[in-house]
Amino acid sequence: MSSTNMIKLIGLMLIVAAVNILVFSPGLIGVQIGTSALSTATGVTLLFASGGVLVIGIYHLLFKKPVIIPVKQIKTYDEYIEHLSRYRHAKGIESDISLALEQMERMQKRKRTLIEVLQQRFEETEMSYKKFASVTQEVEHLFYQNIRSILNILHVYDESEFERVFQKKSSGFSNELVQKKASVYQDYLSTITSSISNNEEILLRLDQLLLEISSLDHIEPGEIEQLSCVQELDSLIRQTKYYKQ
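What you see is a predicted model, and the numbers here were worked out from it, not measured in a lab. (Residues numbered from 1 in each chain as written. Predicted model: local features only at pLDDT ≥ 70, side-chain atom pairs only at ≥ 80, totals over all residues. Heavy atoms only, no water.)

A. Looking closely at the overall build of the protein chain. Looking only at helices and strands, the protein chain has 8 helices and 0 strands in total. Across the 245 residues of the protein chain, 35% fall into the buried class. Taking all contacts inside the protein chain whose residues are at least 6 apart in sequence as the whole, residues at least 24 apart take part in 68%. Carbon and sulfur atoms make up 56% of the accessible area of the protein chain, which totals about 15,200 Å². (Helix = DSSP H or I, 4+ residues; strand = E, 2+ residues; numbered from the N terminus. Buried < 20%, exposed > 50% of the residue type's maximum accessible area, 1.4 Å probe, protein only. Contact = heavy atoms within 4.5 Å. Areas by Shrake-Rupley, 256 points an atom, 1.4 Å probe, with all protein chains shown as cover.)

Take a look at the structure:
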């Protein structure tokens, strides 16, 4: 059971308990079973409803398998976070997943800050605003392409096989075959690391872009492409093979 579901279950139990205390406490509503037909019906109905809510909640949070959205259909920030979080404790990649989740949070903050800075410096109808906003949007798209690449690897990542290969557990296979299997899993790890490194560079370039925009007194739309930070972002986008026009 995930920590998120545990929190949800505890919250559900507290709400059900609070409602029952409110209804049955003599100093509050004070419903009592057996004193009158209406009071008895209300009390019994509430008890059955409380039990039903708890049973349904426990089933959904503990036993019902979550609907997994295919990677290609993931669109929102929360969906990316949810998918990555499933692998937070996977053997061999714990630190990578934690860093990727942290990068996503930082990306959200950079995007909000960039929009705020642009709104302070330019009117949204100005060409300069639109050009900077366009660069920001393209870079964000590139960032999430890297996250998708990570998720595609995680979809086929076998945690138990990773342990078997890298902890050299007895398998009876030849050393040559074990080395080949290790090479495949090393490629998995290298792809994840490469995507994380690309995203770290994106975050660094966005910091540089923020600094450069903040230091501008005035700029014409045609001069934006000449800014070093914009040129570096464009180069980064072109050089990343996962980026799609």
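B. Here's a closer look at the packing of aromatic side chains. For the coordinates displayed, the defined rule picks out 2 aromatic pairs. Residues F143 and Y144 carry aromatic rings whose centres are separated by 5.4 Å and whose planes lie at 80° to one another, so their mutual orientation is edge-to-face. Taken as a pair, F143 and Y144 share a single burial class, namely buried. An aromatic cluster is built from Y80, F143 and Y144, whose rings are joined through pairwise contacts. (Phe/Tyr/Trp six-rings, centres within 6.5 Å; stacked < 30°, edge-to-face > 60°.)

C. Up close: the nonpolar core. Core analysis: the biggest nonpolar cluster contains 40 residues, and L84 and I147 have the highest contact counts within it. Elements represented by at least two residues in this core include exactly α3 (77–85), α4 (94–121), α5 (127–156), α7 (175–214) and α8 (228–239). With 12 residues, α5 is the single largest residue contributor to this core. What I147 contacts, discounting residues up to four positions off in sequence, is Y80, L84, M104 and N199. (Core = buried A, V, L, I, M, F, W, Y, C linked by side-chain atoms within 4.5 Å.)

D. Summary view of the pattern of salt bridges. Under the counting rule described, the total for this entry stands at 7 salt bridges. Between E82 and R86 there is a salt bridge, with the nearest N and O atoms lying 3.2 Å from each other. Classification of E82 by relative accessible area gives partly exposed; the value is 38%. With a closest N to O distance of 3.7 Å, E105 and K109 form a salt bridge. Here E105 and its partner K109 are both found in helix α4, 4 residues apart, which amounts to about one turn of the helix. Several salt bridges share partner residues, and in doing so they unite E102, R106 and E200 into one network. (Salt bridge = Lys/Arg side-chain N within 4 Å of Asp/Glu carboxyl O.)

E. Just α4, in detail. Compared with the 40 Å implied by 1.5 Å per residue over 28 residues, the 41 Å span of α4 between its first and last C-alpha is a close match. Along α4, the residues classified as buried are D96, I97, A100, L101, Q103, M104, R106, M107, R110, L114, V117 and L118. (Expected span 1.5 Å × (residues − 1).)

F. Highlighting the environment of Q119. Of note, Q119 is situated in helix α4. Given the relative accessible area of 41%, Q119 is considered partly exposed. Through-space distance from the C-alpha of Q119 to that of Y129 is 7.7 Å; in sequence the pair is 10 residues apart. Ignoring sequence-local partners within four residues, the contact set of Q119 consists of E124 and Y129.

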